[in-house]
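The residues making up each chain are set out below.
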Amino acid sequence: MKRTVPLLITAIAGFVLIISFFLPAIQEWGEGAAIWFDILAALAFILGGGNLLKLHLKSISDQQAGWGYSAVTIVAFLGTLLLGLLKVGSPPTPNVEYYGETFVPFPVAMMPEFSVDEQLPERGDREPVPASVRRQLSVDNGKLNFRGWMSENQKEDLLKYGETLNWKRLVEELFDLTQPENVGGKVKYYADHEALAVSGVLTEELEQQLLDDLPDNEFSQQAVDKLIELTNVETSISVEPPEAFTIPDSESSRIQYADGELTIVGPMSIALRDKIANLWAGFLPALPLTDAQIEEFQTELEERGPELNEEQVEVLDQILRTDPGLSALPLVINSAGIRPGTPKTAGELVEERDSGVLDLVPVHLAPDPVLLNSAQEETISSFIESGSVDITALVSELESLGPLIDEQKTAITGFWNGLEREATRKKNLGIGLLKVGPLSRDQQEFLFVPAAEMYSWDVAVGELFIAAHQVKYPWSGEFSAQGNPFWWTYEYVLQPLMTTTFALLAFYVASAAFRAFRAKNLEATLLLGTAFIVLLGRTYLGTAMTVWIPEQYSALRIDQMTVYIMKIFNTAGNRAIMIGIALGIASTSLKVLLGIDRSYLGSNED
Amino acid sequence: MTAEIADPKSTRSERQVWAILGLLFAGWLIYRAVIIGAGSAYVAEVNGQYQSATYNDFLVGTAVYSPARTVGIWIAAFLTLCIFSFLYRDNPFYKFAEAVFVGVSAAYWMVIAFWTVVIPNLVGKIWPAWIQSWAMPGLSPIRDDSWWMFLIPLVLGGMLLWRLSPRGAWIARWPLAFIIGSTAGIRLVGFLQADFISQIHNTIVPVVVVTDSEFQFWESVQNILLVISVLSAIVYFFFSVEHTGVVGQVSRIGVWVLMVTFGAAFGYTVMGRIALLAIRFEFLFDDWLWLIDPAHKRLGL
Amino acid sequence: MPMQGLQNLDRRWIFLLMAIAVAVPILFGLQFPESPSQLARDVFNEIEQLEEGDNVLMAWDYDPSTEGELGPMAIAFARHCCEKKVNMFFITLLPVGPQMIEKAITEVIQADFPDLVYGQDYVNLGYKSGYEGVIKVIVTDLKGLYTTDARGTNIDQIPMCKPISSVQEMDLIVNVSGSYPGTKEWVQYAVTPHQGEIRMVAGCTGVQAPLLYPYIPGQLKGLLGAIKGAAEYEALVVSEYLGNDPDQLYLEAKRRMGPQLVAHLLMIGLIIAGNVIYFRQRRMPSPQQN
């Protein structure tokens, strides 16, 4: 029994993998076996760690020679293991933290149920409904029930489940039905996380609406109370904001700045964070400078230290003159004015089909493009020429001169905010100048301080962003996130040790070359000669030594000789060896599978 | 290693020389570290995430000095020198570094296996809702239909770990048998197809190469040489026929081909080894001692 | 000069010579021009002919032990693929491989291509244990093993992963291979069973390179051998995309060829010296022997 079962397992596993290679019908079996194998390979690493611990503990308890080193090994082992398994110092993974939203636990069972008098589509392959809706979708008495508020993703998954237009229309109907009546778009339900989520702050008005959308019971009331409590938490940091920092009226109820304290009520979303750090801070974009301005800039810089050298002047000129592509602005606005046709819903399509339309077109006709008129275009070019930085003024002026849709406004601000900032340009200039010459401390300050201020503002906003956030999954972070102790262990202990251990080989190969390679006979000489040619041919030396050989005999150049040696003789030799090894592996594998070779089972019968 | 090197007893004068050299080196290191700042590291932190930064960033003011990473660089340099010290002779520093290496790498492997395979591919398949609720929020909390298939590796895995127990060694043989069997199954097909059949197939090349109805002399010579070389090398491996007469001659050519092959392999091996050493020296000279700055990371110093 | 003494030369002198041969060119920044060989061109062209939006599997099978040879190659591969705007799927079969992927992502993609979006243009699928067993599975069923990416995002929610069901849908595999498992295993378990469907180029260590030549060109479209291969390919990428003043990051292999040349010369010198001593000594029998 103790020997037969393992022999059987070996044979079955092996032959399943072999046969599945040839028989597509059971390909999945082979895949399954390979997946088990991969999982066991991971467990083998754990076994390896366990074995190491056992071995060194024994060495310590027996006080064997060098047991002190065993102690070092165990300390290093346990320390690294704990840091990694506990994910010490790992921030949570950003993409599952839902920044800016506040969660409160809310089981699926407590959500309202919606139903329609329809059936699931017939599917020949008996594929179950998509996993994302499985907990919420049920069928009984000819009714399709859905518990909770359906998300866009769930809708997408359901749409794909059936082919027919009727099914798609049904899914749309169900989707509309399952949207909360009052708080649609403002409060979400995540079934996977079994949580109600509010963006920003839960206001009193929203509170009542939310209670209307949820089942009328104690549990809903408690959940909503909790949401109010969590979303109204105030967070603040001390910071000196940039001079031009302003908070737009629309957000002034949530975000305030007073007496060196920046305060936010509720959590901060990533979009809001970016706005505060960039848009509201009012950092100016880097516009190209004129000759006079460049000269002025240079004088200003040279007042603070030594004169620039020739190369530095060149760098300065080049960087300050670079056009960030402002002339593309009209094109950007015009392309934003061209809108594609929106896709039709399945409901609309069904209606069209029922009314007798034969060729169904799945999209609405595209609306007419909104393009800039000549007055608007002129305004833009004079705006660019003037070197003005007041983009809001430009937008309102454009609006007064002709039509300007929201997409275009977004495109303008997006374009403007995408431009490099003045502070960044100064910083890059400083780096560029330092590469080709010296700068005094004053000059460096002049060039670098704006970037440093921009950075420290960014860091401060980031601090507030993190402080205002309520962590949802503290254990979700990467175990080797940069900056945490486990990463540190890799970067400064494991990586150097691994690299250096292998670097030792360079020394041993040199010593072996000196001692072991003797041109005792023809064979050995062939080996040595080839090694010489390859060593020379794979560096610039080989090329340089024989570059005088004319082109038609280029095969005699050392670098070319290397190529032919590798391509012909090395390929041939290794191919012969490869064929031999392949036969060897095949025969040993067969021996193992057929139970002829049982050495892996060990000899003792226990 | 010759006897005199292995002898751990050093003479007194040798010890003195080393002591003086060591002191000089230490003094120079202190100078580099304190006066120049060598081995310093910088970091930028935004949104609670850390990013490596260079001295340039620090100069500009967009990064701060990182004591933890600076210590890290000095420890990395120390460990590097510990390993290199083995070239002189075996010594406690080397043994210490080796012990650390063994411990850290075993733990590292274990942690990786745990978080990247055991959690998502085994436990996460059997109890997805539980894993989703704390470790992997991105996972779907719904079980696959074939989730029960993962009970088998769970059981086999448990049996494999039984090896650590002093009793019941036979228990670990089942998973071992599975590992051996699947390895044999995977390799049998892989090697036969890629290294046997395909290699024979790759060797069947035209010995007279004609492109656009023009005879390609040089291409043909190459192909002829290749085919002859492969065949003769294979003949050398035929041990069932005695290597005399024609077979002997051919197998002799085969040996030559193999010798050229080994020579090429040696040349390439040397090439690889040296690059491995170069990257280590680059670390010592660039990141640690700040003697060179090929990437212009430290402007204005 | 007594030959006997040289024969028994303390090998630490040879170690010292080696250290000098590598250290001095690094300290003085010795560099040489590169002229790419055909194999490097093959690799370059194979990536060059990809189109925007093609799917490329970036199999980063190396770790710090071979980073000296392979790091520059991986950086150049990543740069080239970014320039071609292909979809990059990073995976690794080595436990420490994720750190190498991280390096390519932070130093190339995030630093020089900040517009590329994670999940749309590139994704890090990370490490799975099982060596060739992993290849065996993902060549027919990627999601059989990779249910999430390295950051724990459900693979079905990553836009670029949605249409991919197996490695067979990749337009190219770019493999950087340190040891086992590496290029050989990818050839055996991915390329050969699906020859004609899966194309692959690789960069590998000096030890592996000669052993992989028999796979060229049928099973392997191009191969970069060791640091020299890296330097050649790097030169091609630089001259095509990076102009006259490239970032020093993309010249790492070229810099490393400096110590390489001097050390190769030393190796040749050592072998010759060893032989001279040996033959001289054979001619005059040493006194102890009689």
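Residues numbered from 1 in each chain as written. Chains lettered and ligands numbered in written order. Predicted model: local features only at pLDDT ≥ 70, side-chain atom pairs only at ≥ 80, totals over all residues. Heavy atoms only, no water.

What to know about the interface of chain A and chain B
Going by this rule: Residues count as neighbours in contact if any of their non-hydrogen atoms are within 4.5 Å of one another. Accessible-area loss on putting two parts together, using a 1.4 Å probe and summing over both, is the definition of buried area adopted here. Any Lys or Arg side-chain nitrogen located within 4 Å of an Asp or Glu carboxyl oxygen qualifies as a salt bridge. Side-chain atoms alone can form a polar contact between residues adjacent in sequence; in general such a contact is a pair of N or O atoms within 3.5 Å, and within protein one must be able to donate a hydrogen while the other accepts it.
Listed by partner, the interface residues are 135 residues for chain A and 137 residues for chain B. Carbon and sulfur atoms make up 79% of the surface buried where chain A meets chain B, a total of about 12,800 Å² over both sides. Its largest share of buried area at the contact with chain B, chain A owes to W36(A), L40(A) and R575(A), together 6% of the area lost on that side. The shortest N-O distance in the salt bridge between E523(A) and R252(B) comes to 3.3 Å. Counting the contacts that link chain A with chain B gives 20 residue pairs in polar contact (both at pLDDT 80 or more).

A closer look at empty space enclosed by the protein
Empty space among the atoms can be located by rolling a probe the size of a water molecule over them. To keep it simple, the criterion reads: Here a cavity is any set of points on a 1 Å grid over the protein atoms alone where a 1.4 Å probe fits but cannot get out, and a pocket is any open set with protein on both sides within 12 Å along at least 5 of 7 lines; a residue lines the site when it has an atom within 4 Å of a point. Grid points are joined across faces, edges and corners, and a volume is the space filled by probe spheres set on the points. Each helix is a run of H or I in the DSSP string that is no shorter than four residues. Each strand is a run of E no shorter than two, and both are numbered from the N terminus. Ten residue types, Ala, Val, Leu, Ile, Met, Phe, Trp, Tyr, Cys and Pro, are classed as nonpolar, four, Asp, Glu, Lys and Arg, as charged, and the remainder, Gly among them, as polar.
The final tally for this structure, using the stated rule, is one cavity of 30 Å³ or more. Approximately 420 Å³ is the volume attributed to the largest cavity. Lining the largest cavity are 30 residues, and of these E478(A), F479(A), T116(B), A150(C) and R151(C) lie nearest its centre. Mapped onto the lining of the largest cavity, the elements with two or more residues apiece are α5 (92-126) of chain B together with α5 (97-112) and β3 (122-127) of chain C. The greatest single-element share of the lining of the largest cavity, amounting to five residues, is contributed by α5(B). Here the residues of the lining of the largest cavity are counted per class, giving 13 nonpolar, 11 polar and six charged.

Looking at the interface of chain A and chain C
A common way to state how big an interface is: give the accessible area lost once the parts meet. Counting residues at the interface gives 50 residues for chain A and 65 residues for chain C. Carbon and sulfur atoms make up 67% of the surface buried where chain A meets chain C, a total of about 5,200 Å² over both sides. At the junction of chain A and chain C, the tally comes to one salt bridge. Here E232(C) and R538(A) are joined by a salt bridge, their closest N and O atoms 3.5 Å apart.

Some words on the nonpolar core
The following threshold applies: In this text, buried Ala, Val, Leu, Ile, Met, Phe, Trp, Tyr and Cys residues form a nonpolar core when linked through side-chain atoms within 4.5 Å. Each residue gets one of three labels from its accessible area relative to the maximum for its type: buried under 20%, exposed over 50%, partly exposed in between, using a 1.4 Å probe on protein chains only.
By size, the foremost hydrophobic cluster in this structure holds 224 residues, and its most contacted members are F281(B), M18(C), W60(C), M88(C), F90(C) and W186(C). Here the element with the most residues in this core is α5(B); it accounts for 19 residues. If sequence neighbours within four positions are ignored, W60(C) has contacts with A74(C), F77(C), F90(C), I91(C), T92(C), G97(C), M100(C), I101(C), A104(C), V174(C) and V176(C). One finds L433(A), L434(A), A451(A) and A63(B) within the second-largest nonpolar core, a separate group that totals 25 residues.

Considering the confidence of the model for chain C
Short version of the rule: What pLDDT expresses is the predictor's confidence in each residue, scored from 0 to 100.
Here chain C shows a mean pLDDT of 91. Residues at 70 or above account for 95%. Listed scores for the predicted complex are pTM 0.92 and ipTM 0.92.

Quick word on unusual backbone geometry
Here the amide bond leading from Y180(C) into P181(C) is cis, since omega sits at -10°, within 30 degrees of zero. For P181(C), the location among the structural elements is in the loop between β4 (172-177) and α8 (183-191). Between I216(C) and P217(C) the backbone carries a cis peptide bond, its omega angle lying at -5°. Tracing the chain through its elements places P217(C) in the loop between α9 (209-212) and β6 (222-225). Non-glycine residue E194(A) carries a positive phi angle of around 45°. Examined against the element boundaries, E194(A) turns out to sit in the loop between β5 (187-190) and β6 (195-199). On the accessibility criterion, E194(A) (28% relative accessible area) is partly exposed.

Topic: the pattern of salt bridges
All names here are of chain C. Applying the stated criterion to the full structure yields 35 salt bridges over all chains. Note that K228 is salt-bridged to E34, the shortest N-O span being 2.9 Å. Of this pair, K228 sits in helix α10 (residues 226-242) while E34 sits in the loop between α2 (11-28) and α3 (38-48), and the two are 194 residues apart along the sequence. By relative accessible area, which is 16% here, E34 ends up buried. Salt-bridge contacts for E83 lead to R79; the nearest nitrogen and oxygen are separated by 2.7 Å.

Topic: the sheet that holds strand β2 (residues 87-92) of chain C
Residues and elements named next belong to chain C. As a reminder of what qualifies: We treat two strands as partners when DSSP finds at least two bridges between them. Throughout, an axis means a line fitted to C-alpha atoms (over the contacting stretch in the case of helices), and angles, computed between N-to-C directions, take values from 0 to 180 degrees.
One open sheet holds the six strands; their spatial order is β3-β2-β1-β4-β5-β6, and the pairing between them is parallel. Edge positions in the sheet fall to β3 and β6, since each has one partner strand and no second. Going from strand to strand, the sheet's axes swing by 15° on average, the running direction of each strand aside. Bridging between strand β5 (residues 200-204) and β6 involves four bridges; their strand directions are parallel. Note that in β6 the partner of A202 across the bridge is L223.

Digging into the packing of helix α10 (residues 310-321) of chain A against helix α16 (residues 422-436) of chain A
Residue and element names in this part refer to chain A. What counts, and what does not: Here the word oblique covers every angle except those under 35 degrees (roughly parallel), over 145 (roughly antiparallel) and from 65 to 115 (roughly perpendicular). For any pair of crossing helices, the crossing counts as left-handed if the nearer helix is rotated counterclockwise from the farther one by less than a right angle, and right-handed if it is rotated clockwise.
Following both chains from N to C, one finds α10 and α16 inclined at 155°, their axes separated by 9 Å at the closest point. Classified by the angle between their axes, α10 and α16 sit roughly antiparallel to one another. Where α10 crosses over α16, the handedness of that crossing is right-handed. For the pair α10 and α16, the contacting residues are E311, Q312, V315, L316, I319 and L320 in the first and R425, N428, L429, G432, L433 and V436 in the second. Class assignment of the residues belonging to the contact of α10 with α16 gives a composition of seven nonpolar, three polar and two charged.

Side note on the packing of helix α7 (residues 151-161) of chain B against helix α8 (residues 173-203) of chain B
All names here are of chain B. Where α7 contacts α8, the two axes come as close as 7 Å, and the packing angle between them is 115°. The orientation of α7 with respect to α8, classified from their angle, is roughly perpendicular. Contacts from L156, M159 and L160 of α7 reach α8 at W174, P175, L176 and F178. Looking at the contact of α7 with α8 residue by residue, the class counts come to seven nonpolar, no polar and no charged.

Remarks on the side chain of S229(B)
Summarising the element assignment, S229(B) is placed in helix α9 (residues 217-237). According to the relative accessible area criterion, S229(B) is buried, its value standing at 3%. In contact with S229(B), not counting residues within four places along its chain, are F569(A), A572(A) and V257(B).

Quick notes on the sheet that holds strand β9 (residues 261-265) of chain A
Residues and elements named next belong to chain A. An order of β7-β9-β8 is seen for the three strands of this open sheet, with the pairing classed as antiparallel. Where the open sheet ends on each side, the last strands, each with one partner, are β7 (234-238) and β8 (255-258). Going across the sheet, the axis of each strand differs from the next one's by a mean of 20°, ignoring polarity. Summarising the sheet, β7 and β9 pair through five bridges and their orientation is antiparallel. Note on β9: the bridge partner recorded for S236 is T263.

Focus: the layout of surface pockets
Residues and elements named next belong to chain B. The space that makes up the second largest pocket amounts to roughly 1,700 Å³. Looking at the lining of the second largest pocket element by element, the count peaks at eight residues for helix α2 (residues 12-36). Residues of the lining of the second largest pocket, tallied by class, amount to 26 nonpolar, four polar and six charged.

Concerning the packing of aromatic side chains
Just so we agree on the cut-off: Classification of ring pairs uses Phe, Tyr and Trp, with its six-membered ring standing for Trp, and accepts pairs whose centres are within 6.5 Å; under 30 degrees between planes counts as stacked, over 60 as edge-to-face, and the remaining range as tilted. Over a ring means this: the NZ of a Lys or the CZ of an Arg is within 6 Å of the ring centre and within 35 degrees of the ring normal.
Taken as a whole and judged by the stated rule, the model has 49 aromatic pairs over all chains. With centroids separated by 6.0 Å and ring planes inclined at 85°, the aromatic side chains of F507(A) and F84(B) adopt a geometry described as edge-to-face. In this pair, F507(A) sits in helix α18 (residues 485-516) while F84(B) sits in helix α4 (residues 67-84), so the two residues belong to two different chains. With respect to burial, F507(A) and F84(B) carry one shared label: buried. With a centroid separation of 5.9 Å and 65° between ring planes, the pair formed by Y42(B) and Y55(B) is classed as edge-to-face. Of this pair, Y42(B) sits in strand β1 (residues 42-46) while Y55(B) sits in helix α3 (residues 55-60), and the two are 13 residues apart along the sequence. Just as Y42(B) is buried, Y55(B) falls in that class too. Taken together, the ring pairs connect F507(A), Y508(A), F84(B), F281(B), F285(B) and F15(C) into an aromatic cluster. We note K155(A) situated over the ring of F175(A); from NZ or CZ to the ring centre the distance is 4.6 Å. One cation-aromatic arrangement involves R151(C) over Y118(C); the distance from NZ or CZ to the ring centre is 3.7 Å.

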